[in-house]
Amino acid sequence: MKKYVIEREIPGVDQMDAEQLKGAAATSNAALAKLAPRVQWVESFVTKDKTFCVYLAEDESVIREHAALSGFPATRITEVAGVISPVTAG
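As a starting point, this report considers the structure included with it. Residues take numbers from 1 onward in each chain, read along the sequence in its written order. Residues qualify for local features only when their pLDDT is at least 70, as the model is predicted, and side-chain atom pairs are given and counted only at 80 or more; totals for whole chains, interfaces and linings, by contrast, use all residues. Only hydrogens and water are set aside; all other atoms, that is, all heavy atoms of the structure, feed into the side-chain values.

Looking now at the pattern of salt bridges. For this analysis, a salt bridge means a side-chain nitrogen from Lys or Arg found within 4 Å of a carboxyl oxygen belonging to Asp or Glu. The final tally for this structure, using the stated rule, is 5 salt bridges. Among the salt bridges present, the one from Glu7 reaches Lys50, with a minimum N-O distance of 2.7 Å. Remark: Lys50 occurs in strand β3 (residues 50-57) and Glu7 occurs in strand β1 (residues 2-9); sequence separation between them is 43 residues. Between Arg38 and Glu65 there is a salt bridge, with the nearest N and O atoms lying 3.0 Å from each other. With Arg38 in the loop between α1 (18-35) and β2 (39-47) and Glu65 in helix α2 (residues 60-70), this pair connects stretches of sequence that are 27 residues apart. Of the residues examined, Glu65 reaches a relative accessible area of 33% and is grouped as partly exposed. Secondary structure counts use DSSP, requiring at least four H or I residues in a row for a helix and at least two E residues in a row for a strand, with both numbered from the N terminus. Accessible area is worked out with a 1.4 Å probe on protein chains only. A residue is then buried under 20% of its type maximum, exposed over 50%, and partly exposed in between.

Below is the structure:
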């Protein structure tokens, strides 16, 4: 599977409390269950009015299917070409 970063524009997402985030995750998980095993959610980062989600997926189209099923927009989908970290320096 390929790795993707999905940018989602969701106004006010940074103001959501723990229960609201739990509900959003449950909604996403329900959509993922319908699409399994073609897509997996790895993690998401919440910023002001956006989330950046890391997914493993067969292709971009299944990410768009997840967006349609979950109601969470996939504003920008970018395939990850490689990964670097401090460890890369040796």
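One bridge is not enough; two strands pair if DSSP finds at least two bridges between them. With antiparallel pairing, 4 strands are arranged side by side in an open sheet as β2-β3-β1-β4. A single partner strand is all that each edge strand has here, and the edge strands are β2 and β4 (76-79). Between one strand axis and the next, the sheet turns by 20 degrees as a mean value, whatever way the strands run. Looking at chain direction, β2 and β3 are connected through 8 bridges and run antiparallel. Counted as the bridge partner of Thr47 is Lys50 from β3. For every element, the axis is a line fit to its C-alpha atoms; helices are fit only across the contacting stretch, and the angle between N-to-C directions ranges from 0 to 180 degrees.

Turning our eyes to something else, we now look at α2. Those residues of α2 that sit buried are Val62, Ile63, His66, Ala67 and Ser70. For α2, the angular spread of the buried residues around the axis is 150 degrees, confining them to a single face. Contacts: residue pairs with any heavy atoms within 4.5 Å of one another. Buried residues in α2 make contact with β1, α1, β2, β3 and β4. One or two steps after α2, the chain reaches Gly71, where phi turns positive at roughly 85 degrees. Comment: arc refers to directions from the helix axis out to C-beta atoms.

The values reported here are purely geometric and, on their own, carry no functional implication.
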